[in-house]
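# Fold and geometry: a report
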Amino acid sequence: MSPIAVSNNQRILSGMRPTGALHLGHYHGVLKNWLHLQHSYRCFFFVADWHALTTHYEDPRLIGESLWDMIIDWLAVGIDPSVATLFIQSRVPEHAELHLLLSMITPISWLERVPSYKDQQERLKSLDLATYGFLGYPLLQSADILIYRATQVPVGDDQVAHVELTREVARRFNRLYAKGDGAFVLPEPAALLTHASKMPGLDGQKMSKSYGNTIALCEPPASVEKKLRTMPTDPARVRRSDPGDPGKCPVWQFHQIYSTEDTRTWVQQGCRTAGIGCIECKKPVIDAVLAETALFRTRAQSYREQMGWVRNLIEEGCATAQQVARETLNEVRQAMGIHG
Ligand code: TRP
Ligand code: SF4
(Lines give C-alpha, C1' and ligand atoms only; values in the text may rest on other atoms or scores of the structure.)
(Ligands and ions follow the chains in the order given, each with its own letter.)
Protein backbone atom coordinates (compact mmCIF):
# COMPACT_ATOMS: atom_id res chain seq x y z
CA MET A 1 0.00 0.00 0.00
CA SER A 2 1.38 3.39 -0.84
CA PRO A 3 0.92 6.15 1.69
CA ILE A 4 -1.35 8.83 0.33
CA ALA A 5 -0.91 12.40 1.38
CA VAL A 6 -4.10 13.49 3.07
CA SER A 7 -5.28 16.60 4.80
CA ASN A 8 -4.79 16.82 8.53
CA ASN A 9 -8.41 16.63 9.48
CA GLN A 10 -8.49 12.95 8.59
CA ARG A 11 -8.25 10.88 11.71
CA ILE A 12 -7.69 7.19 12.16
CA LEU A 13 -8.68 5.30 15.25
CA SER A 14 -8.12 1.65 16.01
CA GLY A 15 -8.03 -0.52 19.07
CA MET A 16 -6.88 -3.98 20.03
CA ARG A 17 -8.00 -6.12 22.92
CA PRO A 18 -5.19 -7.29 25.21
CA THR A 19 -5.64 -11.05 25.31
CA GLY A 20 -2.10 -12.46 25.20
CA ALA A 21 1.14 -12.20 23.24
CA LEU A 22 0.78 -10.80 19.73
CA HIS A 23 1.75 -13.10 16.88
CA LEU A 24 2.62 -13.00 13.19
CA GLY A 25 -1.09 -12.96 12.34
CA HIS A 26 -1.47 -9.62 14.14
CA TYR A 27 1.62 -8.30 12.39
CA HIS A 28 0.61 -9.22 8.85
CA GLY A 29 -3.11 -8.63 9.41
CA VAL A 30 -3.18 -5.42 11.45
CA LEU A 31 0.10 -3.88 12.54
CA LYS A 32 1.70 -3.61 9.09
CA ASN A 33 -1.33 -1.59 8.10
CA TRP A 34 -0.99 0.66 11.16
CA LEU A 35 2.67 1.20 10.25
CA HIS A 36 1.64 2.62 6.89
CA LEU A 37 -1.23 4.66 8.25
CA GLN A 38 0.72 6.34 11.02
CA HIS A 39 2.74 8.36 8.50
CA SER A 40 -0.21 9.52 6.44
CA TYR A 41 -2.88 10.29 9.01
CA ARG A 42 -3.39 11.56 12.52
CA CYS A 43 -3.59 8.18 14.25
CA PHE A 44 -4.97 7.10 17.62
CA PHE A 45 -4.18 3.52 18.61
CA PHE A 46 -5.42 2.20 21.90
CA VAL A 47 -5.52 -0.83 24.16
CA ALA A 48 -9.18 -1.83 24.42
CA ASP A 49 -9.01 -3.17 27.97
CA TRP A 50 -12.68 -2.52 28.73
CA HIS A 51 -13.61 -4.45 25.61
CA ALA A 52 -11.52 -7.38 26.82
CA LEU A 53 -13.44 -7.21 30.09
CA THR A 54 -16.78 -7.76 28.33
CA THR A 55 -15.71 -11.34 27.53
CA HIS A 56 -13.07 -12.01 30.23
CA TYR A 57 -14.73 -10.44 33.27
CA GLU A 58 -14.39 -13.70 35.21
CA ASP A 59 -10.64 -13.82 34.77
CA PRO A 60 -9.43 -10.27 34.23
CA ARG A 61 -5.85 -11.02 35.25
CA LEU A 62 -4.82 -11.82 31.70
CA ILE A 63 -5.90 -8.33 30.64
CA GLY A 64 -3.56 -6.59 33.06
CA GLU A 65 -0.76 -9.00 32.25
CA SER A 66 -1.09 -8.65 28.48
CA LEU A 67 -1.53 -4.91 28.42
CA TRP A 68 2.09 -3.86 28.66
CA ASP A 69 3.27 -6.83 26.59
CA MET A 70 1.00 -5.63 23.83
CA ILE A 71 2.28 -2.08 24.00
CA ILE A 72 5.86 -3.39 23.88
CA ASP A 73 4.96 -5.47 20.81
CA TRP A 74 3.49 -2.40 19.09
CA LEU A 75 6.67 -0.44 19.72
CA ALA A 76 8.82 -3.41 18.71
CA VAL A 77 7.26 -3.61 15.25
CA GLY A 78 7.76 0.13 14.78
CA ILE A 79 4.56 1.85 15.86
CA ASP A 80 5.97 5.29 16.50
CA PRO A 81 4.71 7.19 19.55
CA SER A 82 6.15 10.43 18.16
CA VAL A 83 3.63 10.36 15.30
CA ALA A 84 0.75 8.22 16.61
CA THR A 85 -1.09 8.72 19.89
CA LEU A 86 -0.95 5.50 21.92
CA PHE A 87 -3.21 5.13 24.93
CA ILE A 88 -5.23 2.84 27.17
CA GLN A 89 -9.02 2.99 26.96
CA SER A 90 -9.71 2.76 30.69
CA ARG A 91 -7.42 5.75 31.33
CA VAL A 92 -9.76 7.94 29.30
CA PRO A 93 -13.04 7.49 31.18
CA GLU A 94 -14.70 9.97 28.80
CA HIS A 95 -15.33 6.94 26.57
CA ALA A 96 -17.63 5.60 29.29
CA GLU A 97 -19.63 8.82 29.56
CA LEU A 98 -20.14 9.01 25.82
CA HIS A 99 -21.13 5.34 25.83
CA LEU A 100 -23.74 6.08 28.49
CA LEU A 101 -25.12 9.11 26.65
CA LEU A 102 -25.31 7.19 23.37
CA SER A 103 -27.05 4.32 25.15
CA MET A 104 -30.00 6.67 25.76
CA ILE A 105 -30.71 6.96 22.05
CA THR A 106 -29.75 3.47 20.84
CA PRO A 107 -32.56 0.97 20.31
CA ILE A 108 -31.79 -2.43 21.84
CA SER A 109 -32.76 -4.08 18.56
CA TRP A 110 -29.80 -2.36 16.82
CA LEU A 111 -27.43 -4.08 19.23
CA GLU A 112 -29.18 -7.45 19.15
CA ARG A 113 -28.90 -7.63 15.39
CA VAL A 114 -25.13 -6.98 15.22
CA PRO A 115 -23.92 -10.39 13.91
CA SER A 116 -21.04 -10.71 16.37
CA TYR A 117 -23.49 -10.66 19.30
CA LYS A 118 -25.04 -14.05 18.54
CA ASP A 119 -21.93 -15.47 16.79
CA GLN A 120 -19.66 -14.91 19.77
CA GLN A 121 -22.23 -16.28 22.20
CA GLU A 122 -22.35 -19.41 20.05
CA ARG A 123 -18.59 -19.67 19.63
CA LEU A 124 -17.53 -18.89 23.19
CA LYS A 125 -19.90 -21.31 24.89
CA SER A 126 -17.70 -21.59 27.97
CA LEU A 127 -18.26 -17.91 28.77
CA ASP A 128 -21.53 -16.45 30.00
CA LEU A 129 -22.03 -13.60 27.56
CA ALA A 130 -25.67 -12.90 28.39
CA THR A 131 -24.58 -9.66 30.04
CA TYR A 132 -25.53 -6.03 29.61
CA GLY A 133 -21.86 -5.18 28.97
CA PHE A 134 -21.50 -7.70 26.17
CA LEU A 135 -24.67 -6.53 24.43
CA GLY A 136 -23.25 -3.02 24.65
CA TYR A 137 -19.84 -4.00 23.23
CA PRO A 138 -20.44 -2.48 19.79
CA LEU A 139 -21.87 0.71 21.27
CA LEU A 140 -18.80 1.13 23.46
CA GLN A 141 -16.82 0.74 20.26
CA SER A 142 -18.98 3.46 18.67
CA ALA A 143 -18.14 5.73 21.59
CA ASP A 144 -14.41 4.95 21.10
CA ILE A 145 -14.66 6.00 17.48
CA LEU A 146 -16.97 9.00 17.78
CA ILE A 147 -15.19 10.58 20.73
CA TYR A 148 -12.13 11.14 18.49
CA ARG A 149 -14.30 12.08 15.51
CA ALA A 150 -12.40 9.45 13.57
CA THR A 151 -12.95 9.68 9.83
CA GLN A 152 -11.56 6.21 9.10
CA VAL A 153 -11.46 3.05 11.15
CA PRO A 154 -9.17 0.26 9.92
CA VAL A 155 -10.96 -3.01 10.58
CA GLY A 156 -11.22 -6.59 9.34
CA ASP A 157 -14.50 -7.95 7.87
CA ASP A 158 -15.67 -9.09 11.29
CA GLN A 159 -15.78 -5.50 12.54
CA VAL A 160 -17.49 -3.78 9.59
CA ALA A 161 -20.91 -4.19 11.21
CA HIS A 162 -19.60 -2.30 14.25
CA VAL A 163 -18.57 0.67 12.12
CA GLU A 164 -21.95 0.50 10.38
CA LEU A 165 -23.69 0.69 13.76
CA THR A 166 -21.47 3.64 14.66
CA ARG A 167 -22.63 5.47 11.54
CA GLU A 168 -26.27 4.83 12.39
CA VAL A 169 -25.81 6.02 15.96
CA ALA A 170 -24.01 9.16 14.76
CA ARG A 171 -26.80 9.87 12.27
CA ARG A 172 -29.46 9.46 14.93
CA PHE A 173 -27.54 11.68 17.33
CA ASN A 174 -27.05 14.39 14.72
CA ARG A 175 -30.71 14.28 13.75
CA LEU A 176 -31.93 14.48 17.35
CA TYR A 177 -29.52 17.16 18.49
CA ALA A 178 -28.77 19.16 15.36
CA LYS A 179 -26.92 22.38 16.02
CA GLY A 180 -28.79 25.38 14.66
CA ASP A 181 -26.21 26.00 11.93
CA GLY A 182 -26.69 22.54 10.39
CA ALA A 183 -23.24 21.39 11.49
CA PHE A 184 -22.87 17.85 12.81
CA VAL A 185 -21.54 17.15 16.26
CA LEU A 186 -20.51 13.60 15.40
CA PRO A 187 -19.12 12.91 11.92
CA GLU A 188 -19.85 9.49 10.45
CA PRO A 189 -16.72 7.36 10.22
CA ALA A 190 -15.87 5.11 7.29
CA ALA A 191 -14.55 1.57 7.60
CA LEU A 192 -11.10 1.23 6.08
CA LEU A 193 -11.21 -2.41 5.15
CA THR A 194 -7.95 -4.23 5.77
CA HIS A 195 -7.83 -6.98 3.18
CA ALA A 196 -8.02 -10.23 5.12
CA SER A 197 -4.65 -11.38 6.33
CA LYS A 198 -3.27 -14.29 4.35
CA MET A 199 -1.16 -15.24 7.35
CA PRO A 200 -1.69 -18.95 7.91
CA GLY A 201 -1.00 -20.68 11.18
CA LEU A 202 1.36 -23.62 11.55
CA ASP A 203 -1.49 -26.00 10.64
CA GLY A 204 -2.69 -24.05 7.60
CA GLN A 205 -5.78 -22.61 9.33
CA LYS A 206 -5.87 -18.90 10.06
CA MET A 207 -3.22 -18.04 12.66
CA SER A 208 -5.07 -17.61 15.94
CA LYS A 209 -4.38 -18.13 19.60
CA SER A 210 -7.50 -20.25 19.97
CA TYR A 211 -6.14 -22.76 17.41
CA GLY A 212 -2.75 -23.01 19.15
CA ASN A 213 -0.99 -22.51 15.81
CA THR A 214 0.85 -19.24 16.38
CA ILE A 215 4.36 -17.87 16.28
CA ALA A 216 4.66 -14.96 18.69
CA LEU A 217 6.28 -11.74 17.48
CA CYS A 218 9.02 -12.01 20.07
CA GLU A 219 9.27 -15.77 20.31
CA PRO A 220 12.82 -17.06 21.04
CA PRO A 221 14.59 -18.21 17.84
CA ALA A 222 15.01 -21.81 19.02
CA SER A 223 11.26 -22.10 19.54
CA VAL A 224 10.45 -20.48 16.15
CA GLU A 225 12.78 -22.95 14.47
CA LYS A 226 11.35 -25.95 16.26
CA LYS A 227 7.75 -25.00 15.49
CA LEU A 228 8.51 -24.59 11.78
CA ARG A 229 10.66 -27.71 11.57
CA THR A 230 7.87 -29.82 13.02
CA MET A 231 4.93 -28.19 11.24
CA PRO A 232 2.86 -30.54 9.04
CA THR A 233 3.44 -30.85 5.28
CA ASP A 234 1.52 -32.49 2.45
CA PRO A 235 0.44 -35.77 4.10
CA ALA A 236 1.06 -37.57 0.75
CA ARG A 237 4.82 -37.13 1.23
CA VAL A 238 5.30 -40.02 3.61
CA ARG A 239 8.77 -40.89 2.30
CA ARG A 240 11.37 -38.52 0.94
CA SER A 241 10.89 -40.11 -2.49
CA ASP A 242 7.12 -39.44 -2.60
CA PRO A 243 6.22 -36.41 -4.73
CA GLY A 244 3.97 -33.82 -3.12
CA ASP A 245 1.59 -30.98 -3.91
CA PRO A 246 2.41 -27.57 -2.44
CA GLY A 247 -1.29 -26.72 -2.70
CA LYS A 248 -1.92 -29.21 0.09
CA CYS A 249 0.89 -27.99 2.31
CA PRO A 250 0.85 -25.18 4.90
CA VAL A 251 4.57 -24.58 4.31
CA TRP A 252 3.72 -23.40 0.79
CA GLN A 253 1.45 -20.73 2.28
CA PHE A 254 4.43 -19.47 4.25
CA HIS A 255 6.51 -19.38 1.04
CA GLN A 256 3.83 -17.22 -0.54
CA ILE A 257 4.36 -14.64 2.17
CA TYR A 258 8.08 -14.89 2.69
CA SER A 259 9.79 -16.18 -0.48
CA THR A 260 10.96 -14.69 -3.74
CA GLU A 261 9.63 -15.84 -7.09
CA ASP A 262 12.79 -17.93 -7.62
CA THR A 263 12.45 -19.77 -4.36
CA ARG A 264 8.78 -20.41 -5.04
CA THR A 265 9.61 -21.94 -8.43
CA TRP A 266 12.24 -24.10 -6.72
CA VAL A 267 9.60 -25.29 -4.21
CA GLN A 268 6.98 -26.04 -6.87
CA GLN A 269 9.37 -28.08 -9.01
CA GLY A 270 11.24 -29.72 -6.16
CA CYS A 271 8.10 -30.77 -4.30
CA ARG A 272 6.23 -32.16 -7.31
CA THR A 273 9.26 -34.21 -8.48
CA ALA A 274 10.47 -35.19 -5.00
CA GLY A 275 13.64 -33.34 -5.92
CA ILE A 276 13.77 -31.64 -2.54
CA GLY A 277 12.90 -32.85 0.94
CA CYS A 278 10.54 -31.07 3.30
CA ILE A 279 13.27 -30.06 5.73
CA GLU A 280 15.17 -28.48 2.85
CA CYS A 281 12.01 -26.74 1.70
CA LYS A 282 11.36 -25.27 5.14
CA LYS A 283 14.85 -23.81 5.46
CA PRO A 284 14.20 -20.53 3.56
CA VAL A 285 10.97 -20.04 5.52
CA ILE A 286 12.74 -20.53 8.83
CA ASP A 287 15.45 -18.07 7.79
CA ALA A 288 12.90 -15.50 6.64
CA VAL A 289 10.75 -15.68 9.79
CA LEU A 290 13.85 -15.44 11.98
CA ALA A 291 15.09 -12.46 9.97
CA GLU A 292 11.72 -10.72 10.14
CA THR A 293 11.39 -11.17 13.90
CA ALA A 294 15.03 -10.53 14.87
CA LEU A 295 14.52 -6.78 14.98
CA PHE A 296 11.28 -7.19 16.96
CA ARG A 297 13.09 -9.25 19.58
CA THR A 298 15.95 -6.80 20.04
CA ARG A 299 13.67 -3.79 20.15
CA ALA A 300 11.28 -5.47 22.60
CA GLN A 301 14.18 -6.38 24.84
CA SER A 302 15.44 -2.82 24.96
CA TYR A 303 11.95 -1.41 25.65
CA ARG A 304 11.56 -3.91 28.48
CA GLU A 305 14.69 -2.46 30.00
CA GLN A 306 13.20 1.03 29.83
CA MET A 307 9.75 0.42 31.23
CA GLY A 308 9.76 3.79 32.98
CA TRP A 309 10.13 5.49 29.62
CA VAL A 310 7.43 3.32 28.06
CA ARG A 311 4.99 4.04 30.90
CA ASN A 312 5.70 7.72 30.52
CA LEU A 313 5.00 7.84 26.85
CA ILE A 314 1.71 6.00 27.36
CA GLU A 315 0.91 8.47 30.12
CA GLU A 316 1.45 11.27 27.60
CA GLY A 317 -0.62 9.47 24.98
CA CYS A 318 -3.49 9.13 27.48
CA ALA A 319 -3.31 12.84 28.25
CA THR A 320 -3.36 13.80 24.57
CA ALA A 321 -6.26 11.45 23.88
CA GLN A 322 -8.15 12.74 26.89
CA GLN A 323 -7.86 16.31 25.69
CA VAL A 324 -9.44 15.45 22.34
CA ALA A 325 -12.06 13.28 24.03
CA ARG A 326 -13.04 16.08 26.41
CA GLU A 327 -13.60 18.52 23.57
CA THR A 328 -16.01 16.18 21.83
CA LEU A 329 -17.75 15.29 25.06
CA ASN A 330 -18.31 18.95 25.88
CA GLU A 331 -20.00 19.49 22.55
CA VAL A 332 -22.07 16.36 23.03
CA ARG A 333 -23.22 17.50 26.47
CA GLN A 334 -24.16 20.89 25.10
CA ALA A 335 -25.99 19.43 22.16
CA MET A 336 -27.99 17.27 24.56
CA GLY A 337 -28.67 20.20 26.84
CA ILE A 338 -26.59 18.95 29.74
CA HIS A 339 -24.73 21.87 31.16
CA GLY A 340 -22.38 21.06 34.00
N1 TRP B 1 -13.62 -4.62 18.69
C2 TRP B 1 -12.27 -4.54 18.22
C3 TRP B 1 -11.68 -5.94 18.07
O4 TRP B 1 -12.18 -6.86 18.65
C5 TRP B 1 -11.40 -3.72 19.14
C6 TRP B 1 -11.90 -2.32 19.22
C7 TRP B 1 -12.52 -1.73 20.30
C8 TRP B 1 -11.86 -1.36 18.19
N9 TRP B 1 -12.84 -0.45 20.00
C10 TRP B 1 -12.46 -0.18 18.73
C11 TRP B 1 -11.38 -1.35 16.87
C12 TRP B 1 -12.60 0.98 17.96
C13 TRP B 1 -11.55 -0.21 16.11
C14 TRP B 1 -12.14 0.95 16.64
O15 TRP B 1 -10.70 -6.10 17.39
FE1 SF4 C 1 5.39 -28.86 1.63
FE2 SF4 C 1 7.77 -28.12 0.73
FE3 SF4 C 1 7.37 -30.61 1.64
FE4 SF4 C 1 6.28 -29.84 -0.64
S5 SF4 C 1 8.46 -30.01 -0.21
S6 SF4 C 1 5.25 -30.97 1.00
S7 SF4 C 1 5.80 -27.69 -0.23
S8 SF4 C 1 7.27 -28.72 2.83
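## Some details on the site of ligand 1
Lining the immediate environment of ligand 1, one finds 13 residues, of which R17, Y137, Q141, D144 and Q159 sit closest. Here a nitrogen atom of ligand 1 and a side-chain polar atom of Q141 are 3.0 Å apart. Take D144: an N or O atom from its side chain is 2.8 Å from a nitrogen atom of ligand 1. Protein contacts shield 91% of the accessible area of ligand 1, which totals 360 Å² for the unbound molecule.

## Thoughts on the side chain of T166
By secondary structure assignment, the location of T166 is in helix α9 (residues 160-176). Exposure remark for T166: the relative accessible area of 0% places this residue in the buried category.

## A word on the pattern of salt bridges
A side chain of one charge can pair with a side chain of the opposite charge if their charged atoms are brought near each other. Per the stated rule, a full pass over the model turns up 16 salt bridges. Residue E188 pairs with R171 through a salt bridge whose shortest N-O separation is 2.8 Å. With E188 in the loop between α9 and β5 (190-193) and R171 in helix α9, this residue pair connects regions lying 17 residues apart in the sequence. Residue E188 is classed as partly exposed on the basis of its relative accessible area, which comes to 32%. Through salt bridges with shared partners, a single ionic network connects E164, R167, R171 and E188.

## Considerations on the site of ligand 2
Close to ligand 2 lie T233, D234, R237, C249, V251, V267, C271, C278 and C281, which account for all nearby residues. Put simply, the parts of the chain that give the shell around ligand 2 at least two residues each are α12 (261-272) and α13 (278-304).

## Remarks on unusual backbone geometry
Positive phi, close to 50°, is recorded for R149, a residue that is not glycine. The topology assignment puts R149 in the loop between α8 (137-146) and β4 (152-155). Residue A274 is not a glycine yet carries a positive backbone phi of 60°. Topologically, A274 is positioned in the loop between α12 and α13.

## Examining the pairing of strand β1 (residues 11-16)
Across six bridges, β1 lies against strand β2 (residues 42-47) in parallel orientation. Each residue of the ladder has a partner; that of M16, found in β2, is V47. Regarding topology, helix α1 (residues 24-40) serves as the crossover connection from β1 to the parallel β2, and that connection is right-handed.

## Here we look at the domain arrangement of the chain
With domains assigned, the chain is organised as domain 1 (3-199 + 307-336) and domain 2 (218-301). For domain 1 and domain 2, the distance between their C-alpha centroids amounts to 36 Å. Counting residues at the interface gives eleven residues for domain 1, matched by ten residues for domain 2. Both faces combined, the contact of domain 1 with domain 2 buries some 820 Å², and carbon together with sulfur accounts for 69% of it. Three residues, L24, A76 and M199, lead the burial of domain 1 against domain 2; their summed loss comes to 48% of the area buried on that side. Seen at the junction of domain 1 and domain 2, the total is zero salt bridges. Summed over the shared surface of domain 1 and domain 2, the result is three residue pairs in polar contact (both at pLDDT 80 or more). Looking at the side of domain 1 that touches domain 2, the elements with two or more residues in it are α1 and α3 (61-77).

## Some points on the nonpolar core
The biggest cluster of nonpolar side chains holds 92 residues, and the ones touching the most others in it are L31, W74, Y148 and L228. Per-domain counts for this core show at least three residues from each of domain 1 (3-199 + 307-336) and domain 2 (218-301).

## Here we look at the packing of aromatic side chains
One pass over the full model with this rule turns up eleven aromatic pairs. Between Y27 and F296 the ring centres are 5.0 Å apart and the planes differ by 65°, which places this aromatic pair in the edge-to-face class. With Y27 in helix α1 and F296 in helix α13, the pair connects residues that are 269 residues apart, well separated along the chain. Each member of the pair, Y27 as well as F296, is classed as buried. For the ring pair F87 and Y148, a centre distance of 5.4 Å and an interplane angle of 50° mean the geometry is tilted. Taken together, the residues span a long stretch of sequence, with F87 in strand β3 (residues 84-88) and Y148 in the loop between α8 and β4 at a distance of 61 residues. Chaining the aromatic ring pairs together yields one cluster made of F44, F46, F87 and Y148. Sitting over the ring of W68, R311 keeps its end group 4.6 Å from the ring centre.

The rules we used
Along each chain, numbering runs from 1 in the same order as the chain's sequence is written. Labels are handed out in written order, letters beginning with A for the chains and numbers beginning with 1 for the ligands. Confidence filtering applies because this is a predicted model: local features only for residues at pLDDT of at least 70, side-chain atom pairs given and counted only at 80 or more, and all residues used for totals across whole chains, interfaces and linings. Note that the side-chain values use all heavy atoms of the structure and ignore hydrogens as well as water. Residue proximity to a molecule or strand is established when one non-hydrogen atom of the residue lies within 4 Å of it. Each polar contact in these results corresponds to two N or O atoms within 3.5 Å; when the atoms are within protein, one needs to be able to donate a hydrogen and the other to accept it, and residues that are neighboring in sequence are counted only if both atoms are side-chain atoms. Each accessible area value is a Shrake-Rupley result obtained with a 1.4 Å probe; residue values ignore everything except the protein chains displayed when judging cover. Numbered from the N terminus, helices here are DSSP runs of H or I no shorter than four residues, and strands are runs of E no shorter than two. For every residue, the accessible area (1.4 Å probe, protein chains only) is compared with the maximum for its type, and the residue is labelled buried under 20%, exposed over 50%, or partly exposed between those bounds. When a carboxyl oxygen of Asp or Glu lies within 4 Å of a side-chain nitrogen of Lys or Arg, that pair is called a salt bridge. A pair of strands is treated as paired once DSSP finds two or more bridges between them. For a crossover, the right-handed case is the one in which the path from the first strand over the helix to the second runs clockwise, viewed with the strands pointing away from the viewer. Here the limits of each domain have been adopted from an automatic or database domain assignment. Should any heavy atoms of two residues lie within 4.5 Å, those residues are counted as being in contact. Note: buried area is the sum, over both parts, of the accessible area (probe 1.4 Å) each one loses when the two are combined. For our purposes a nonpolar core is just a set of buried Ala, Val, Leu, Ile, Met, Phe, Trp, Tyr and Cys residues, chained together by side-chain atoms within 4.5 Å. Pairing of aromatic rings covers Phe, Tyr and Trp, the last counted by its six-membered ring, and requires centre-to-centre distances within 6.5 Å; plane angles under 30 degrees mean stacked, over 60 mean edge-to-face, and any other angle means tilted. Whether a charge sits over a ring comes down to the Lys NZ or Arg CZ being within 6 Å of the ring centre and within 35 degrees of the ring normal.

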